[in-house]
Amino acid sequence: MQHAPASNSASTDTPDRLNDFVIKLANVNGTGSASANTLLMKSIFRMGIPVMGKNYFPSNIQGLPTWYEIRISRDGYVARSGRIDFMVAMNAETYAKDVREVSPGGYLLYDSTWPRPALLKRDDITIFGVPLARICNETFQGVRARILLKNIVYAGVLGALLDIELDVMRTLLGESYANKKSLLDSNLKALELGYNYAKERFACPLPLKVRRMDKTADHIMIDGNTAAALGCMYAGATVGAWYPITPSTSLMDAFKGFCQKWRIDPETGKRNYVIVQCEDELAAIGAVIGAAWNGARSFTPTSGPGISLMNEFIGLAYYAEVPAVIFDIQRVGPSTGMPTRTQQCDLMLAAYASHGDTRHVLLFPNSPEECFYMAAQSFDLAERLQTPVFVLSDLDIGMNDWMCPTLKWDDEYRPDRGKVLSAEQLEQIEKFYRYLDKDGDAIPYRTLPGTHPKGAYFTRGSGHTQYGGYTEDSTEYQIVLDRLKRKFETAKTLVPKAVIDSRGSTSLAIVSLGSCDGAVREALDLLRHRGVQIDYMRVRAFPFGQEVEDFLAAHSQIFIVEQNRDAQLRALLTLETAVEKSKLHSILHYSGLPISSTAIVAGVLASAPEQRLAVGV
Amino acid sequence: MSFIAKPKVAHPGLPRNELGLTRRDYEGGMSTLCAGCGHDSITAAVIEACWQMSMRPEQLVKLSGIGCSSKTTAYFVSGGHGFNSVHGRMPSIATGAIAANKDLYYIGVSGDGDTLSIGFGQFAHAMRRNLNMLYLIENNGVYGLTKGQFSASADIGSKAKKGEANLQPPIDPVLAALTLGGTFVARSFSGDKEQLVPLIIAGLKHRGFALIDVLSPCVTFNDHEGSTKSYEFVRDNYEEVVHADFIPPAREITAEYAEGDAMPIALHDGSRVLLRKLDPSYDPTHRGKAFNYLRDKLAQNEFVTGLIYIDESSPEFHDMNGTTTTPVNQLSYQQLSPGSKGLEKILARYR
């Protein structure tokens, strides 16, 4: 073991690591490490340096290993890099693994209160021992406080080693504990103890360090679930129904929090919203459908297992043409799977949810920013198309803090409530027929209960005619079913278009979706630096629009990058576009951790031998 | 068949309610149920109740699940929206619909299969939420559409058409409702319109979840000897314990009742339910005593009917939520969006 002396030297102390490295913090869950880790990340963000934080946590309340990864990237890359430059090893149980993970030339910090030499054998990294527990035991009272403040002490140590501005850290603590003076004092004390300990004993700062930039102005750090909840509020959603399930729970928690602040009637103190915590996901989607049928914008956040339960009702909403907004914050399946790990494994499940011929509109946000805008848009689409709309986020987007451009809202926005007939309109027509295609866009008119006696109709999941009546007649049944198919064609023209980054390559392309975007963009830069000309399309919705067809037709070798085992996006593309299947090559990542660019670069180079030849790699 | 319109010619001499509407104006499509089905009598009672209440037809929302009973929402008040949803899940549709608009009348029609088997969870939770709705169970102890299997309400020893006896204990929705905090719990019989019509009115007026378990014999699969849900058995073994008369606001109680037997209960709109206790010792405002009374009578194979329990003081769903006065589906967008200025304030803590 190498105890870093005052003149520590790292083998990779090249100047280009400035504002470009990865810190990983190995903690025990339930010990309060999150606040220290957020403090570190946010301090760097406040210094104007692009940063990303990812939380790898167990499905547990207390005592199991948890990791937090902070990537500092002056170029603004948001994916995992695959490197670990600085490990904060706070969990004795995972030492061995954590030590192994550090990239050569990197650093490791551990709590040296208790001797651990045998576990920490590596000659190619620099190891700092700081008696964190001893420092806290000597300074603070109370077992809980000592445990919690240990984290702030290491934040202080890192502050000194990495040259994080101490004032920024102090300010952030001041904001967190604005109304808790005693907590603020102990936190500030812990921060300084760590900072001074490092300053006195180690050569601070390390070559691996941060320096102020101006790249985060007009940006925020927010997680996708919070952003989606904001989108729901701005869309004018009034009914939220849900059943708690990781990793979607924080979406409804956030919605509730926003509503408690912004949806209270100023005169009466009453609520301009209804949130129903249901007995299960079956009831949650039922309540969403009931509310939407009755004219309220309603939604439910859930994850894969919830979608499985909701299938029957989703088919009803599709066939009876009732709007519904469903957020699927995807997690690792099948079955219970790994509830706190990320995947994009519900594409097929959502696209064709429920028995019989059904197809659903899906939106694929790539970031909290798109979660916000797509959340709002999903209500417009659901009501315009009178059908369920899924927003397929995932745990990586939903629960991690991402740096995003500040969210904006256009005050001119008014919800598109779709074709709903008013009492006046009903008064003027002779007779209302629920499922008639009057406008040629395959979208019928609907009415809301209580509006007008002429508007009454009977909603049913059983066979019905275009006039709304019950039927078991083949022709009458098919008229409605065929119109629903045409309605899906209309949907193609309304959903968000794919984002295409084309450099004019007629051969190579990557197609991806959602949270893969950051890793793909970084991979594109790496590939292009190597001279590989490659285009990129990020699909943002299902059904696929004409631009998706055109892009697929224009390229001869297409890599489909996605985070599931069975290549679900590739399957969907082959089923729903004219693309020739043999052109599509999968690059799959389904470990449960977010994808990094290295796998994509390797995948492209491995499968494109002629390109490898062309660029000599 | 339900999709064939009934002739709409009304006799000029038909009596009219306060809105000038006749009973015909509260009818729905033609029933497709078997001739003599108890459910059709319940449909007639609902029509009568809505007519007597002078309800505007579009103010009624009719919700149901799947099964013979659930079909009946198409057979009354065609001027109100209906929603025939999925099996056992009507209570969740009701939850959402009521969340969206608290100012309409909601009637949910279900059966013993729809409520006590596949839908038992949703039924229980709708009651816990004290949704402001009338929930009718058209209870015949048998699955009709799939041709005669026992349902969860079949009594021990009750015989199927081909003679097989049921061995599992029944789930009694009334006992369940008393346990789960139901605030209006009634049982009735499809063949007793005198009792059923005022119960339906009182249930619609009740502020909260009103359950009426209506014994409703299935003439095709469960009306034989040995069945405890046949017309004959129910007629012979039902006992009304508390008769409810509905008294609209501003009408005097004129009938004579023996002292101690009459108990007026005020409803939230100023109307009253006048309870006529046919057993003077019975207390329909005491949950525990009501429960014991029912258990004792059931042990003697007697179905206690009438308004078994009523509690007008418990908060209903929107009271508990603290919802604003305007139905949330009618709030303007300006009331719902904090606007771009608000967004700036919200995002301050994410910088």
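Residues numbered from 1 in each chain as written. Chains lettered and ligands numbered in written order. Predicted model: local features only at pLDDT ≥ 70, side-chain atom pairs only at ≥ 80, totals over all residues.

### Some points on the overall build of chain A
What chain A contains, in helices and strands, is 20 helices and 21 strands. Relative to the 2.2 N^0.38 estimate, which gives 25 Å for 617 residues, the radius of gyration of chain A is 27 Å and therefore close to what a compact globule would have. The 617 residues of chain A split such that 54% are buried. Relative to all contacts within chain A whose residues are 6 or more apart in sequence, the contacts with residues 24 or more apart total 75%. (Helix = DSSP H or I, 4+ residues; strand = E, 2+ residues; numbered from the N terminus. Rg over C-alpha atoms; globule rule 2.2 N^0.38 Å. Buried ≥ 20, exposed ≤ 12 C-beta atoms within 10 Å, placed from the backbone. Contact = placed C-beta atoms within 7 Å.)

### Considerations on the sheet that holds strand β4 (residues 86–89) of chain A
Residues and elements named next belong to chain A. Read across the open sheet, the 6 strands follow the order β2-β3-β1-β4-β5-β6; overall the sheet is mixed. With partners counted over all chains shown, the strands left at the sheet margins are β2 (51–56) and β6 (126–130), one partner each. If you compare each strand with its neighbour and ignore which way they point, the axes differ by 15° on average. (Pairing = 2+ DSSP bridges. Axes fitted to C-alpha atoms, helices over the stretch in contact; angles between N-to-C directions.)

### Things to note about the confidence of the model for chain A
Per-residue confidence for chain A gives a mean pLDDT of 94, with 96% of residues at or over 70. Low pLDDT (under 50) marks residues 1–13 of chain A, which in the prediction has 31 contacts with non-local residues, meaning those over four places away or in another chain. (pLDDT = per-residue confidence, 0-100.)

### Concerning helix α15 (residues 474–494) of chain A
Note: α-helices contain 3.6 residues per turn, so residues at a spacing of three or four share the same orientation. Residue and element names in this part refer to chain A. Between its first and last C-alpha, α15 extends 31 Å over 21 residues, near the 30 Å set by a 1.5 Å rise per residue. Residues V480, K487 and A491 constitute the buried set of α15. What you see down the axis of α15 is that its buried residues fit within an arc of 50°, all on one side. Set apart from the buried face of α15 by more than 90 degrees, the exposed residues are S474, T475, Q478, D482, K485, E489 and T493. Looking at the buried positions of α15, the neighbouring elements they touch are β12 (361–363) and α12 (368–385). (Expected span 1.5 Å × (residues − 1). Arc of directions from axis to C-beta.)

### So, the environment of B:T324
Position of B:T324 relative to the elements: it lies in the loop between α10 (317–321) and α11 (333–336). Residues B:T324 and B:D192 lie 132 residues apart in sequence; the distance between their C-alpha atoms is 40 Å. Apart from residues no more than four positions distant in its own chain, B:T324 is found in contact with A:D265, A:T268, A:K270, A:R271 and A:N272.

### Section: the pairing of strand β1 (residues 60–64) of chain B
Residue and element names in this part refer to chain B. With 5 of 5 residues buried, β1 lies mostly within the body of the structure. Burial along β1 is two-sided: the residues L60, K62 and S64 and V61 and L63 are all buried. Here β1 pairs with strand β3 (residues 105–111) via 5 bridges, running parallel. Residue pairing in the sheet places L60 in a bridge with Y105 of β3. Both β1 and strand β2 (residues 81–84) contribute to a ladder of 4 bridges, which runs parallel.

### Quick look at the interface of chain A and chain B
Taken residue by residue, the interface counts 58 residues in chain A and 51 residues in chain B. Those elements giving two or more residues to the side of chain A that touches chain B turn out to be β7 (219–223), α7 (224–235), β8 (239–242), β9 (274–277), α9 (281–293), α10 (304–320) and β15 (458–460) of chain A. The leading source of residues in the side of chain A that touches chain B is α9(A), at 9 residues. Among the residues making up the side of chain A that touches chain B, the classes are represented as 31 nonpolar, 17 polar and 10 charged. Where β15(A) and β2(B) come together, 3 bridges link them in parallel fashion. Within β2(B), the position partnered with A:T459 by the bridge is B:F83. (Nonpolar A, V, L, I, M, F, W, Y, C, P; charged D, E, K, R; others polar.)

### Description of the pairing of strand β11 (residues 272–277) of chain B
All names here are of chain B. Here β11 shows one buried face, formed by V273, L275 and K277, and one open face, formed by R272, L274 and R276. Direction of pairing for strand β10 (residues 262–266) relative to β11: antiparallel, over a ladder of 5 bridges. Among the inter-strand pairings, A266 is bridged to a residue of β11, identified as R272. Taking the residues between adjacent antiparallel strands as the criterion, β10 and β11 are bridged by 5 residues, where G270 takes a positive phi near 95°.

### Remarks on the packing of helix α1 (residues 33–46) of chain A against helix α5 (residues 166–176) of chain A
Residues and elements named next belong to chain A. One can describe the packing of α1 onto α5 by two numbers: an axis separation of 9 Å at closest approach and a directional angle of 120°. Taken together, the axes of α1 and α5 are oblique relative to one another. When the axes of α1 and α5 are compared, the crossing they make is right-handed. Residues L39, K42, S43 and R46 of α1 lie in contact with α5, whose contacting residues are V168, M169, L172 and L173. Classifying every residue of the contact of α1 with α5 gives 5 nonpolar, 1 polar and 2 charged. (Parallel < 35°, antiparallel > 145°, perpendicular 65-115°, else oblique. Left-handed = near helix turned anticlockwise from the far one by under 90°.)

### Description of the sheet that holds strand β18 (residues 535–539) of chain A
All names here are of chain A. Taken together, 5 strands build an open sheet; the order of strands is β16-β18-β17-β20-β21 and the sheet is mixed. Looking along the sheet, the strands with just one partner apiece sit at the ends: β16 (499–501) and β21 (584–588). Neighbouring strand axes in the sheet, compared pairwise and without regard to direction, differ in orientation by 20° on average. Alignment of strand β17 (residues 508–513) against strand β20 (residues 557–562), held across 5 bridges, turns out to be parallel. Its bridge partner being in β20, V511 is matched across the sheet by I560. Contacting β20 and β21, helix α19 (residues 597–607) runs over the sheet at an angle of about 145° to β21.

### Some remarks on the domain arrangement of chain A
Residue and element names in this part refer to chain A. Segmenting chain A into domains produces domain 1 (15–201), domain 2 (222–405), domain 3 (423–494) and domain 4 (499–615). Computed from C-alpha atoms alone, the centre-to-centre distance between domain 2 and domain 4 is 28 Å. The partner domain 4 presents 20 residues to the 20 residues of domain 2 that form the contact. (Domains from an automatic or database assignment.)

### Describing the nonpolar core
Membership of the largest hydrophobic core comes to 280 residues, with the highest contact counts inside it found for A:I289, B:I200 and B:I308. If one sorts the elements of this core by residue count, helix α4 (residues 143–162) of chain A sits on top with 11 residues. The next biggest cluster of nonpolar side chains, apart from the first, holds 6 residues, and it includes B:V142, B:Y143, B:F150 and B:A154. (Core = buried A, V, L, I, M, F, W, Y, C linked by C-beta atoms within 7 Å.)

### Details of the UniProt feature "domain: Pyruvate/ketoisovalerate oxidoreductase catalytic" (unreviewed entry) in chain A
UniProt marks residues 30–196 of chain A with the feature "domain: Pyruvate/ketoisovalerate oxidoreductase catalytic" (unreviewed entry), using the numbering shown here. For the annotated span residues 30–196 of chain A, helix accounts for 46% and strand for 17% of the residues, and the straight-line distance between the end C-alpha atoms is 27 Å. (UniProt positions renumbered as here; feature names shortened; annotations may be inferred.)

### Examining the environment of B:G226
Among the secondary structure elements, B:G226 is positioned in the loop between β8 (209–215) and α8 (231–237). Apart from the residues within four sequence positions on either side, B:G226 is in contact with B:S158 and B:K159.

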